[in-house]
Amino acid sequence: MLVVELDRIDEGMIDLVGGKAVGLGGVIAAGERVPPGFCVTTEAHRSGTLPTGEVAAAYEALGGGRVAVRSSATAEDLPDASFAGQQDTYLDVEGTDDLLRAVRRCWDSLWTDRAVAYRRDRGIDDDAAHMAVVVQRMVEPRAAGVLFTANPVTGTRGETVVDAVPGLGTAVVDGTVRPDHYVVAADGATEGPGDGCLSPREVEALRAAGERLQDHLGAPQDIEWALDRDGTPWFLQSRAITTLFPLPPRHDDGPRVYFEGGHMQGMLRPFTPMGMSALKAVAAAWFGALGADVDPDGEGGMMVDVGGRFYLDLTPLLRNRWTRGSMPDGMALYGPRASAAMRSLLDDPRFAPRHGGRIDPRGAAGVAVRALLLAGGVIARGAAALADPDDARRRMLRAGESMRQRASRTPEHVVTARDRLDHATAVQSHALTRGLIPMMGPLYVGLLSARAPDLLLRGIAEPGEVAAVLGGMPHNVTTEMDLALWRLAVGAREHRDLLRDTPPEELADRYRAGTLPDIGLGGFLERYGHRGAAEIDAGVPRWSEDPAPLFTALANYLRVTDPEQAPDRRFARAVAEAERVRGELVGRAMDTRPVRARLSDFFFGRARALAGMREYPKFAWLYSIAETRRQLLLVGERMAGEGRLDRPDDIMFLRLPEARALVDGADQRALVAERRAEYLRERRRRRVPPLLLSDGTDVETALPALPAGGDGEFVGVPASSGTATGRARVVHDPAGASLEPGEILVAQTTDPGWTPLFMTAGGLVVETGSTMAHGPTVAREYGIPAVICVPGVTELLRDGQMVTIDGGAGTIRLEEPGVPGDAEAPRGPGETQAP
């Protein structure tokens, strides 16, 4: 079929007519008005020959005259890739010859640089992209524009956004004019210009049509429309809004507010379904140790999976009159915008205080007793650590070694696939409830000791001085790991060209095949191979499985030519500076506040003895996560051998109950394919809402802009003092990232798997996080400046742009002219279609 009328198109024809034509077919099926037209199918494009006769006949049947000619690629207007503005549209085309030329130009636009780059960025194979072309009668519009059935900026479902201009709507789509902007809330209240080009009745008619289309097509829609001279609405396109963050699970108790907890661990990428399922099972075991009954497989509860991210339901705390007032200050740890977002919710009547429901006194008493016993043990161990920090540290290390040994032993009764699934969660639960709890007391003492001098020396210490004393912190297992990798690079200098110029993936293959020169990597992996980026997700490979990221880091280290920039010397300078500033601060305080001075010196000592151990509990827990992964892969290998999975790691795209059903005989291959595709879509997401409402609202984006710095300056939260000037290197994934010595690492977030990059970085800038997160902590210990909580900085800064960061003031200043970022052509509110 080379040409087909629009009213004969259904959703099963996407490979023949492309996404735009299928969308129009859906609008027609919903009973809305669509200008009549036809589609030149992908069969014609695949043949390479334009069916001139069929096109001319269809044009004549349409009545000739002026038409719009628009691309409709098979990879266009899809649920996860809009291709907005990536391929060509031609308006007011008249005559058969001009029509045929326009169709050919649409075909050619499949291979423009922007279209090819867009497909590559979304993992769409060029061979899978084919072009159909939609031809429609032109509408003579009095007004036209774009309609969104959910707010594309804030994510709010049930809120309709309409942008309108007089005449053709192309001015809205290409961003050349400022349109009239209307927002219709779920309750019908409308914001918009009183003297705009649409009447209230027309806005309501568009809203109602959008709602009908959303209901018919099953998802929030991005719709192009036009009102003709008689005021009749015509719909020119309808496609899913591709950038909306997924909705949380439905809850019976009214609106909810959720806090994204993954960034506390530097984890903004999605969890694999199995990684999330295992984490929820372990958290349920933790709460179970307190006597609380938590269903790890349920959709409700405090822990919620939204878009593969780990959210915490804060609604009970926000509705509690005793806790709600302190929540904005508690959120300040994650930056001023997070705090402002939480403060705005205090005025939202949906989250007004409520009287508590009935509580089972026997259950509550049991939880309270267990919590008191747990707290008593933590306090006792903390007191012992305060008295003898060296002994406390030795005890923590022994506990961690015990966790490693337990994780490395598979009990004799673990034989069947079902046994392995049970053991996969049990090994983590034991580590969390039995292994980590004894470490909490010394850990809290170390963190509180690091905080105490800030309070004691208020009015005496200059900004950044206390933080300097906490730099170059000893006993940090992540710092020790990075320095061990540096020593590996030093020892491998004779192989510099090989390690620096060979792709990391090839080096990893050669290492596994045993054909790489021995540089000592085996010993490093024996100690640290259970780590990696996104390491708290059991579904993600460890360095022991894929050492390619380590070869990337080694290549970066081998680019260091200035001895003074060597990571071990930088760390030694941070240690020396910490001791120097400590002596100065204590001496200065002795003159006027001798008691405070002695207390500060005491707590400085305890902080330097214990606070570096903050990374160790997680490091030890990772042994059990790695063992969980190993057991799951063994199950996956068996299921693949039996033909129930295509490959062993497919099991990581199931949840634990689904894996049990798999072992019992269910064929889960279709579900795995769906989940894997969903996971890859979410991996491409650049923004994750820190505070999310149950109606999809990203609370921070709904706020007015906070005061910014001066021209060419961005303001965030100070996280590690010092200044540095260098070229910004925007990195979305540490695997394969090249960072020249002195460059400023710019990322959405970081976890310990990123920290090998810190060793050559001149500074760190991240979009999220807290001052206590892994990235800023390690940055302080290396003595490199860091600024956190700079929303959208990976889009605002251009890769390679010269910047100066001040980690004490929390600022990033542009040192070069030019427009930051590399955003695509604007599209009004819908410019988020191409993030």
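First, a word on what this report is: a plain description of the structure on this page. (Residues numbered from 1 in each chain as written. Predicted model: local features only at pLDDT ≥ 70, side-chain atom pairs only at ≥ 80, totals over all residues. Heavy atoms only, no water.)

## Some thoughts on empty space enclosed by the protein
- Per the stated rule, a full pass over the model turns up five cavities of 30 Å³ or more.
- Volume-wise, the largest cavity comes out at about 70 Å³.
- Lining the largest cavity are Trp-543, Pro-549, Leu-550, Thr-552, Ala-553, Pro-734, Gly-753, Trp-754, Pro-756 and Leu-757.
- Of the residues in the lining of the largest cavity, the class split is eight nonpolar, two polar and no charged.
- Here the second largest cavity defines a volume of roughly 60 Å³. (1 Å grid on protein atoms, 1.4 Å probe; cavity = no way out; pocket = protein on both sides within 12 Å on 5 of 7 lines; lining within 4 Å. Points joined across faces, edges and corners; volume = space filled by probe spheres on them. Nonpolar A, V, L, I, M, F, W, Y, C, P; charged D, E, K, R; others polar.)

## A short note on the sheet that holds strand E9 (residues 190-191)
- If you trace the six strands from one edge of the open sheet to the other, you get E9-E8-E7-E6-E10-E11, paired in antiparallel fashion. Two strands close off the open sheet at either side, each with one partner strand: E9 and strand E11 (233-240).
- Pairing of strand E8 (residues 180-184) with E9, which is carried by two bridges, proceeds in the antiparallel orientation. For Val-183, the partnering residue across the bridge sits in E9 and is Glu-191.
- With respect to the sheet, helix H7 (residues 200-217) is in contact with strand E6 (141-150), strand E7 (157-166), E8, E9, strand E10 (221-228) and E11, its orientation differing from that of E10 by roughly 140°. (Pairing = 2+ DSSP bridges. Helix = DSSP H or I, 4+ residues; strand = E, 2+ residues; numbered from the N terminus. Contact = heavy atoms within 4.5 Å. Axes fitted to C-alpha atoms, helices over the stretch in contact; angles between N-to-C directions.)

## Overview of the pattern of salt bridges
- Within the structure shown, the criterion is met by 55 salt bridges.
- Close ionic contact of Glu-211 with Arg-207 constitutes a salt bridge, the shortest N to O distance being 2.6 Å. Of the two residues, Glu-211 and Arg-207 are both situated in helix H7; the distance of four residues between them amounts to about one turn of the helix.
- When salt bridges with common partners are traced through the structure, they connect Asp-253, Arg-256, Asp-313, Arg-319 and Arg-354 into a single cluster. (Salt bridge = Lys/Arg side-chain N within 4 Å of Asp/Glu carboxyl O.)

## Considering helix H3 (residues 52-61)
- If you check which residues of H3 are buried, you get Val-55, Ala-58 and Tyr-59. The buried side chains of H3 occupy one side of the element, clustering within an arc of 100° when seen end-on. When the buried face of H3 is taken as reference, the exposed residues oriented beyond 90 degrees from it are Glu-60 and Ala-61.
- Summarising the contacts, the buried residues of H3 are in contact with strand E1 (3-5), strand E2 (37-40), strand E3 (66-73), strand E4 (89-94) and helix H4 (96-108).
- Looking at the residues trailing H3, positive phi occurs at Gly-63, about 100°. (Buried < 20%, exposed > 50% of the residue type's maximum accessible area, 1.4 Å probe, protein only. Arc of directions from axis to C-beta.)

## Considerations on the environment of Arg-8
- Mapped onto the fold, Arg-8 is located in the loop between E1 and helix H1 (14-29).
- Separated by 20 residues in the primary sequence, Arg-8 and Ile-28 have C-alpha atoms spaced 9.4 Å apart.
- Once you skip the residues sitting within four places of it in the chain, Arg-8 turns out to touch Met-1 and Met-13.

## Regarding the packing of helix H22 (residues 567-592) against helix H23 (residues 594-610)
- At their nearest, the axes of H22 and H23 sit 7 Å apart, and the two run at 160° to each other. Regarding the angle of H22 to H23, the classification is roughly antiparallel. Pair H22 / H23 crosses with left-handed handedness. Judged by residue contacts, Val-575, Ala-578, Glu-579, Arg-582, Leu-585, Val-586, Ala-589, Met-590 and Thr-592 of H22 engage Pro-594, Ala-597, Arg-598, Asp-601, Phe-604, Gly-605 and Arg-608 from H23.
- When its residues are assigned to classes, the contact of H22 with H23 shows nine nonpolar, two polar and five charged. (Parallel < 35°, antiparallel > 145°, perpendicular 65-115°, else oblique. Left-handed = near helix turned anticlockwise from the far one by under 90°.)

## Quick look at the environment of Arg-596
- By the element assignment, Arg-596 lies in helix H23.
- On the basis of relative accessible area, Arg-596 is assigned to the partly exposed category, the value being 33%.
- Distance from Arg-596 to Leu-455, taken between C-alpha atoms, is 9.6 Å for residues 141 residues apart in sequence.
- Once you skip the residues sitting within four places of it in the chain, Arg-596 turns out to touch Leu-456 and Arg-458.

## As for the nonpolar core
- Ranked by internal contacts, the top residues of the largest apolar core, which has 118 residues, are Phe-524, Phe-551, Ile-651, Leu-691 and Leu-745.
- The element contributing the most residues to this core is helix H24 (residues 616-641), with eleven residues.
- Leave out the neighbours within four places in its chain, and Phe-524 touches Met-481, Ala-484, Leu-485, Leu-488, Gly-529, Trp-543 and Leu-550.
- Core analysis: the next-biggest nonpolar cluster, separate from the first, contains 30 residues, Val-22, Ala-132, Val-162 and Leu-213 among them. (Core = buried A, V, L, I, M, F, W, Y, C linked by side-chain atoms within 4.5 Å.)

## Brief notes about the packing of helix H15 (residues 437-456) against H24
- Direction vectors running N to C along H15 and H24 enclose 155°, while the axes themselves pass 10 Å from each other. Classified by the angle their axes make, H15 and H24 are roughly antiparallel. Every residue of H24 that contacts H15 at Met-439, Met-440 and Leu-443 is listed here: Tyr-616, Pro-617 and Ala-620.
- Residue classes in the contact of H15 with H24 are distributed as six nonpolar, no polar and no charged.

## Regarding unusual backbone geometry
- Backbone geometry at Asp-92 places phi at a positive 55°, although glycine is not the residue there.
- With a relative accessible area of 39%, Asp-92 lands in the partly exposed category.
- Its identity is not glycine, yet His-475 carries a phi of approximately 70°, on the positive side.
- Here His-475 shows up in the loop between helix H16 (465-469) and helix H17 (477-491).
- According to the relative accessible area criterion, His-475 is partly exposed, its value standing at 28%.

## Quick look at H1
- Taking 1.5 Å of rise per residue, 16 residues should cover 22 Å, yet H1 covers just 15 Å from first to last C-alpha, more than 12% shy of that figure.
- When you tally the buried positions in H1, you get twelve out of 16 residues, the bulk of the element.
- Looking only at H1, the buried set comprises Leu-16, Val-17, Gly-18, Gly-19, Lys-20, Ala-21, Val-22, Gly-23, Leu-24, Gly-25, Gly-26 and Val-27. (Expected span 1.5 Å × (residues − 1).)

## Things to note about the pairing of E10
- Across the eight residues of E10, eight count as buried, placing the element largely inside the fold.
- Because side chains alternate across E10, one face comprises the buried residues Gln-221, Ile-223, Trp-225 and Leu-227, and the other comprises Asp-222, Glu-224, Ala-226 and Asp-228, equally buried.
- Inspection of the sheet shows E6 paired to E10 by seven bridges, in the antiparallel sense. Its bridge partner lying in E10, Gly-145 is registered against Trp-225.
- Relative to E11, E10 runs antiparallel, the two being bridged by seven bridges. Looking at E11, one finds that Ile-223 is bridged to Ser-238.
- Turn length for the E10-E11 hairpin, with the two strands adjacent in sequence and antiparallel, is four residues, and the turn residue Gly-231 shows positive phi of about 85°.

So far we have only geometry, and geometry alone does not tell us how the molecule works.
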